[in-house]
Amino acid sequence: MKQANRKKVFLEIYEKKAISKNSILENLKLSIPTITQNLKELENEGLIIQEGYFKSTGGRPATIYKSNEKACIAIGMDLQPNSIEIASIDMYGRIIEKDSLSITFTNSDSYFKTLGSFVNEFIHRSEKHSSTVLGVGIAVPGIIASDENHMLYSQVLKTSDFTLSDLAKYIETPRCHFYHNAESGAFAEIWHGKIDGSALMLFLDNCLCNALILNGKVYQGILSSGTIEHMVLHPGGETCYCGKKGCVDAYCSASGLSRMMKQDNLDEFFIDLRNGDSEAGRIWSKYLEELALAIDNCRMIIASDVILSGMLQKYLTSEDFEILKSLSMSKTTFKNADFNITNGVCGRNAIVIGAAIPLMKEFLHSCKLP
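Quick notes on the rules
Residues numbered from 1 in each chain as written. Predicted model: local features only at pLDDT ≥ 70, side-chain atom pairs only at ≥ 80, totals over all residues. Heavy atoms only, no water. Helix = DSSP H or I, 4+ residues; strand = E, 2+ residues; numbered from the N terminus. Rg over C-alpha atoms; globule rule 2.2 N^0.38 Å. Contact = heavy atoms within 4.5 Å. Areas by Shrake-Rupley, 256 points an atom, 1.4 Å probe, with all protein chains shown as cover. Lys, Arg positive; Asp, Glu negative; His and termini not counted. Charge placed at Lys NZ, Arg CZ, Asp CG, Glu CD. Pairing = 2+ DSSP bridges. Axes fitted to C-alpha atoms, helices over the stretch in contact; angles between N-to-C directions. Buried < 20%, exposed > 50% of the residue type's maximum accessible area, 1.4 Å probe, protein only. Salt bridge = Lys/Arg side-chain N within 4 Å of Asp/Glu carboxyl O. Polar contact = N/O pair within 3.5 Å; in protein donor to acceptor, adjacent residues only side chain to side chain. Expected span 1.5 Å × (residues − 1). Arc of directions from axis to C-beta. Parallel < 35°, antiparallel > 145°, perpendicular 65-115°, else oblique. Nonpolar A, V, L, I, M, F, W, Y, C, P; charged D, E, K, R; others polar.

Let's talk about the overall build of the chain
Within the chain, the regular secondary structure consists of twelve helices and 14 strands. Computed over C-alpha atoms, the radius of gyration of the chain comes to 23 Å, within 12% of the 21 Å expected from 2.2 N^0.38 for 370 residues, which places it in the range of a compact globule. If you line up the chain on its principal axes, its C-alpha atoms span 75 × 55 × 40 Å. When contacts within the chain are restricted to residue pairs at least 6 apart in sequence, long-range pairs at least 24 apart make up 61% of them. Counting only carbon and sulfur atoms, one obtains 51% of the accessible surface of the chain, whose full area is about 17300 Å². Separation between the mean location of the 38 positive side-chain charges and that of the 43 negative ones in the chain comes to 7 Å.

What follows is the structure, encoded as C-alpha cells:
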C-alpha cells in the first residue's frame, strides 16, 4: 500500500507537470499525512522539486510541485550501416543532447570497441545533466530473436552473426537493450503522439521499414512488427537489397527515390521540385504513385491510419499528403473505408528517442531510481 501511494503521488505530479499539495489531496483522496510524507520522501530522493508558487486566490499562495525532469535520463542509439546516432532523453522523452558518428558497420571487435568508446564518452557528457543514467537502448535495422539478444536477419548490415552482448561489450553501463529500429520509432510516436488506437508507421529512410501499432502498443511478431519493405510491388522489377526483384523498398525508400533521381542529393532535388522543375515533378509523381500502391496493399491487411516518418518526412508538404491520400483512395477497392495519412510527431528523431523510451517507461512504472 505504501509503494502504491508513493507511485500515485509521483505520477500525479508527473502527469500534471505543475500541481499544488491541495490539488493532489483532492485528486487522489489520500490523507494529508500520507501525501505530506510522500512529498517529503520524493523530494529528498530528487524525484520532485518545489518551484515557486501559484498565483494567490486569497490567502497564502500554494507551492508548485513539479517532477524533476532530469532526475534520471535514458540513452537511445540508432545504429545504421554507415553511422550511429545517439541521444539522451529526460523523463518526458524530450531530447537533452544528441550526437552522431560516421562509421561503417563491421562485425569486428575493433568496431565494437569504437562504438563503446563513443557511447561511453556520450554517457559521461550526459552525466552533467543527471547523475542517474538508466541505460542504453540500441535500435538496429534487423530482426531480433525472441531472446532479445541475437540477430535473426540483417541484410542491411550484411551480417546476422552478432549479438547484443557483442554491441554492448565495451559500453560502461550494466543495462543495454536491443530493439528493431522501426519498433523504436513507434515507441516514440506512441509516447509523444498519445496514440491509443491502431496505425501503420512507414519510415521512409534509405532502407524502408515499418511498425504496426495495435491498440496503442507495438505489435511484435516473429518477423518483428512486419517487413512490408520486402512485399513485391512489381514482379521482376527493380532489384531489392534482399535479392528479390520488385520489392516495396526498391520503389518507396529514400534510396529508391534516389535511384529514380539518378543522384543522391535530396535537398537539391526538392528545391528543383518546389521551383517547378518538370523532370523533378515527373519523378516525384511516380514516387507518390508507388507509395500509394504500397499503402493500399498494406491497408488490405489492416485498415488503419498511416503515419509517415523517416528521412523523407521533412520534405513532405500538406499538398503531398493530399495527393498521396487521393492516389491511395483511387487504388482501393473499398472507397468508403476512409483513413488518414499523417506526419509523425517526432520526425527524424523518432528512432533514437524511441530506443530510450522503454527504459524510461520502466522507471516510471516503479517510480524508483536505480
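Section: the sheet that holds strand β11 (residues 209-214)
In space, the five strands of this open sheet follow the order β12-β11-β10-β13-β14, with mixed pairing throughout. Across the chains shown, the open sheet's two edge strands, defined by having one partner strand only, are β12 (217-218) and β14 (341-343). Relative to strand β13 (residues 305-309), strand β10 (residues 199-203) runs parallel, the two sharing five bridges. Bridge pairing links L202 to L308 in β13. Sheet contacts for helix α6 (residues 181-193): β10, β11 and β12; angle to β11, the most-contacted strand, approximately 45°. Along the sheet face, helix α10 (residues 278-299) touches β10, β13 and β14 and points at about 145° away from the line of β10.

Some remarks on the sheet that holds strand β3 (residues 73-80)
Read from one edge to the other, the open sheet built from five strands follows the order β5-β4-β3-β6-β9, with strand pairing classed as mixed. Edge positions in the sheet fall to β5 (95-102) and β9 (176-180), since each has one partner strand and no second. Taking the axes of each pair of neighbouring strands and ignoring which way they run, one obtains an average angle of 20° across the sheet. Where strand β4 (residues 83-89) lies against β5, seven bridges are found, and the strand directions are antiparallel. Directly across from A87, in β5, lies its bridge partner K98. On the sheet, α6 packs against β3, β6 (133-140) and β9 and is oriented at approximately 100° with respect to β9.

With respect to the environment of R259
Mapping R259 onto the fold places it in helix α8 (residues 254-261). Owing to a relative accessible area of 32%, R259 belongs among the partly exposed residues under this scheme. Placed 44 residues apart in sequence, R259 and A303 show a C-alpha to C-alpha distance of 30 Å. Those residues in contact with R259 that sit more than four places away from it in its chain are E238, A250 and Y251.

Overview of the side chain of E183
Looking at the element boundaries, E183 is found in helix α6. Of the side chains with opposite charge, K361 comes closest to the buried, unpaired E183, at an N-O distance of 12 Å. Within the structure, E183 has its side chain in polar contact with the backbone nitrogen of S225 (distance 3.3 Å).

Quick look at helix α3 (residues 32-44)
Taking 1.5 Å of rise per residue, 13 residues should cover 18 Å, and α3 covers 18 Å from first to last C-alpha, within 8% of that figure. Within α3 the residues assigned to the buried category are I35, N38, L39 and L42. Down the axis of α3, the sector holding all buried residues measures 105°, keeping them to one side. Opposite its buried face, α3 presents the exposed residues P33, K40 and N44, each directed more than 90 degrees away. Packed against the buried residues of α3 are α1 (2-16), α2 (21-28), β1 (48-53) and β2 (63-67).

Topic: the environment of K368
Relative to the helices and strands, K368 is located in the segment after α12 (350-366). A residue is classified by how much of its surface remains accessible, and K368, at 47% relative accessible area, is partly exposed. With sequence-adjacent residues up to four places away left out, K368 is seen in contact with Q3, R6 and F363.

A look at the pattern of salt bridges
Scanning the model with the defined rule gives 18 salt bridges in all. For K66, the salt bridge is made with E51, and the minimal N-O distance between the two is 2.7 Å. Taken as a pair, K66 in strand β2 and E51 in strand β1 lie far apart in primary sequence, 15 residues in all. The exposure class assigned to K66 is partly exposed, which follows from its relative accessible area of 26%. As a salt-bridge pair, E238 and R259 come within 3.5 Å of each other at their nearest N and O atoms. One end of the pair, E238, is in the loop between β12 and α7 (248-252); the other, R259, is in helix α8, with 21 residues separating them in the sequence. Classification of E238 as partly exposed rests on a relative accessible area of 33%.

Quick notes on the packing of α1 against α3
Look at α1 against α3: their axes get within 10 Å of each other, and the N-to-C directions meet at 70°. Classified by the angle between their axes, α1 and α3 sit roughly perpendicular to one another. Between α1 and α3, the contacting residues are K2, N5, R6, V9, F10 and I13 on the first element and T34, N38, L39, E41 and L42 on the second. In terms of residue class, the contact of α1 with α3 is made up of five nonpolar, three polar and three charged.

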